[in-house]
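Chain and residue survey
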Amino acid sequence: MPISRVDNPLALPAYLVFEGGGAKGYAYIGAMRALEEKHSIRKLGVAGTSAGAFTAALVAAGFTSAELFDSSKPVGTRGPLEAGLSRFFVNDKVRTFLRAIRSLQLSTRGGLRGYYHYALGLRGLRKTQKEFTRQLGLVDLAVFREWFNDLLRKKIGKPDGDVLFSELPYDLKIIATNVTHHSMLVYERPNQRNGNQEFSVADAVCASIAIPFVFMPVKLNRPDFPALQIDGGITSNFPYWVFEESRGESFGHIDPIIAVRLADTRQQLQERSPSYPSSLLGTFSFATDVLASAISGSDTPDRLPIRNIHTMTIEVPVNTLSFERADQTIVDITHDAYRQTVRWLRRQPHLGPPLVVREALEISIAALRNLFAIPDTVRIRANVMLPISSSEHMVYFSHSMDEFSDDR
């Protein structure tokens, strides 16, 4: 059974969806803090892919942003993410591979120095080639899996064993890619779609974050369905659609989805070149960009129209695999994401918690009475209405509308 949870009954019911983005995912801590401080949200469900799956699982377990990383606390007591994730995701093999790519980039400058960097780059690739061919990746996620499962277990108070989807206080959905059968996997609580099977949350997260060739594929140990799994971003990096069948209505309208995306900064985009050198590096760079384009472009809300979805994009100045740099700048990343989220929320008044709307409406009615000297014996009734499409409006909050049966 899921552990108990306490929600504000006057909070805005909403689903949260987090996009994949590798090291950019640290930004979600700042976004969570802004949502916690500036909004009152009653989470109906949480979903994510890759870095978004990592975040969604922690949110579904009941973690707050301050419990994960609180920069206001003294160094050494800031939370489990203070030590960073590069200790799990970056090893000497990955460093050798990234240095080789950097050397190949420098080789395009030509001359003796360019030749030197080209030779250095090829040497680095040869060093990692065996790992690619033997294990299909450079990093084994086993240590991360144990750390992550222990983190979830301590949070929900489970003494031992793997934390299962049904044991989390909030509904969780995680996307992974079944590379053996060329299909997408949606990990969730037991239901008819998955044969009422239980799944380990840590296993699902490891599958979802397994970036091809960097992390070793994760085995799906089902006797009836053995498979290798890789990063869910290959099939659905932005799973905004995953709650569509289960969404209900609250306050007279369909429950909203707040979906968060991660993007490069404008400076990062400007530094990219549309040309590729006629070399091994050029071929590698082109293949990488093709893969990134396929992942980023595969999930856009206009591909599958979803009602009442509100998408926020956070710009993060680190690359997907720059975990060591992200660890060093986590404070800056989270603070900047917090500011971006606050600015976005200010432009979304329809996402304000009903409690705030009610208080604002009651203050406005009291001011109206004073301004026009309206006696208390005269009833003032009002609806707060907001557009949900070009031709539809919804009643977001009412004052004294349910107390009388006459026409409105």
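Looking at the overall build of the protein chain
Across its full length, the protein chain holds 14 helices and twelve strands. Each of the 408 residues in the protein chain was classed as buried or not, and the buried ones make up 48%. Across the protein chain, the fraction of contacts at a sequence separation of at least 24, relative to all contacts at a separation of at least 6, is 72%. A total of about 21100 Å² of accessible surface is found on the protein chain, and carbon and sulfur atoms cover 54% of it.

A look at the environment of Lys173
Following the sequence through the fold, Lys173 ends up in strand β3 (residues 172-178). With a relative accessible area of 6%, Lys173 lands in the buried category. Taking the C-alpha atoms as reference points, Lys173 and Val242, 69 residues apart in sequence, are found 7.5 Å from one another. Leave out the neighbours within four places in its chain, and Lys173 touches Val46, Ala47, Gly48, Val186, Tyr187, Glu188, Arg193, Val242 and Phe243.

Let's talk about the pairing of β3
A regular strand carries its side chains on alternate faces of the sheet. Counting buried residues in β3 gives seven out of seven residues, a clear majority hidden from the surface. Because side chains alternate across β3, one face comprises the buried residues Leu172, Ile174, Ala176 and Asn178, and the other comprises Lys173, Ile175 and Thr177, equally buried. Pairing analysis gives four bridges linking strand β2 (residues 41-49) to β3, with the strands arranged parallel. Bridging from a neighbouring strand, Gly48 pairs with Ile174 of β3. Here β3 runs beside strand β4 (residues 183-187); their pairing, made up of five bridges, is antiparallel. By the bridge assignment, Asn178 is partnered in β4 with Ser183.

Considering the side chain of Thr334
Within the secondary structure, Thr334 sits in helix α13 (residues 330-346). Those residues in contact with Thr334 that sit more than four places away from it in its chain are Tyr26, Ile29, Gly30 and Phe69.

Here's the deal with the confidence of the model for the protein chain
Per-chain confidence: the protein chain averages 82 in pLDDT, with 77% of residues scoring 70 or above. In this model, residues 1-6 is a region of pLDDT below 50 whose contacts with residues beyond four sequence positions or in other chains number 13 contacts. Low confidence marks residues 404-408, where pLDDT is under 50. Its contacts with residues over four positions away, or in another chain, come to seven contacts.

A few points about the nonpolar core
Ranked by internal contacts, the top residues of the largest apolar core, which has 80 residues, are Phe89, Phe144, Phe148 and Val201. With sequence-adjacent residues up to four places away left out, Phe148 is seen in contact with Phe54, Ala57, Leu58, Val201, Ala202 and Val205. In this structure, Tyr15, Ala47, Ile257 and Ile306 belong to the second largest nonpolar core, which totals eleven residues.

A few points about empty space enclosed by the protein
Applying the stated rule across the entire model yields three cavities of 30 Å³ or more. Computed from the structure, the largest cavity encloses a volume of approximately 230 Å³. Sorting the residues of the lining of the largest cavity by element identifies α1 (27-38) and α2 (51-60) as the ones contributing at least two each. For the lining of the largest cavity, the leading source of residues is α2, giving four residues.

Re α1
Look at α1: 17 Å from first C-alpha to last across twelve residues, which is about the 16 Å you get at 1.5 Å a residue. Every buried residue belonging to α1 is among Ala27, Tyr28, Ile29, Gly30, Ala31, Met32, Ala34 and Leu35, and all of these are buried.

As for α13
Over its 17 residues, α13 runs 24 Å from end to end, which matches the ideal 24 Å to within 8%, given 1.5 Å per residue. For α13, the set of buried residues is Ile330, Ile333, Thr334, Ala337, Tyr338, Gln340, Thr341, Val342, Trp344 and Leu345.

As for the pairing of strand β6 (residues 227-230)
Pairing of β3 with β6, which is carried by two bridges, proceeds in the antiparallel orientation. Among the inter-strand pairings, Asn178 is bridged to a residue of β6, identified as Gln229. The sheet contact formed by strand β5 (residues 218-220) and β6 spans three bridges and is antiparallel. The partner of Leu220 across the bridge, within β6, is Ala227.

Some details on the packing of aromatic side chains
In the structure shown here, the tally under the stated rule is 15 aromatic pairs. Ring geometry for Phe54 versus Phe148: centroids 5.3 Å apart, planes at 35 degrees, classification tilted. Taken together, the residues Phe54 in helix α2 and Phe148 in helix α7 (residues 142-156) connect sequence positions 94 residues apart. Phe148 matches Phe54 in its accessibility class, with the two residues each being buried. Between Phe238 and Tyr240, the aromatic rings sit 5.5 Å apart at their centres with planes inclined by 45 degrees, giving tilted as the arrangement. Of the two residues, Phe238 and Tyr240, neither departs from the other in class, the shared state being buried. In this structure an aromatic cluster arises from ring pairing among Phe54, Phe88, Phe89, Phe144, Trp147, Phe148, Phe215 and Phe323. Between the NZ or CZ atom of Lys43 and the centre of the ring of Tyr170, over which it lies, the distance is 4.8 Å. Note that Lys155 overlies the ring of Phe63, its terminal NZ or CZ placed 5.3 Å from the centroid.

A closer look at the pattern of salt bridges
Applying the stated criterion to the full structure yields 16 salt bridges. Here Glu146 and Arg145 are joined by a salt bridge, their closest N and O atoms 3.1 Å apart. One salt bridge connects Asp162 with Arg145, and the closest N-O pair in it is separated by 2.4 Å. With Asp162 in the loop between α7 and β3 and Arg145 in helix α7, the pair connects residues that are 17 residues apart, well separated along the chain. The class for Asp162 is partly exposed, based on a relative accessible area of 27%. With a relative accessible area of 14%, Arg145 lands in the buried category. Among the charged side chains, a network of salt bridges with common partners joins Arg145, Glu146, Asp162 and Asp203.

How each quantity is defined
- Residues numbered from 1 in each chain as written.
- Predicted model: local features only at pLDDT ≥ 70, side-chain atom pairs only at ≥ 80, totals over all residues.
- Heavy atoms only, no water.
- Helix = DSSP H or I, 4+ residues; strand = E, 2+ residues; numbered from the N terminus.
- Buried < 20%, exposed > 50% of the residue type's maximum accessible area, 1.4 Å probe, protein only.
- Contact = heavy atoms within 4.5 Å.
- Areas by Shrake-Rupley, 256 points an atom, 1.4 Å probe, with all protein chains shown as cover.
- Pairing = 2+ DSSP bridges.
- pLDDT = per-residue confidence, 0-100.
- Core = buried A, V, L, I, M, F, W, Y, C linked by side-chain atoms within 4.5 Å.
- 1 Å grid on protein atoms, 1.4 Å probe; cavity = no way out; pocket = protein on both sides within 12 Å on 5 of 7 lines; lining within 4 Å.
- Points joined across faces, edges and corners; volume = space filled by probe spheres on them.
- Expected span 1.5 Å × (residues − 1).
- Phe/Tyr/Trp six-rings, centres within 6.5 Å; stacked < 30°, edge-to-face > 60°.
- Lys NZ or Arg CZ within 6 Å of the ring centre and 35° of its normal.
- Salt bridge = Lys/Arg side-chain N within 4 Å of Asp/Glu carboxyl O.

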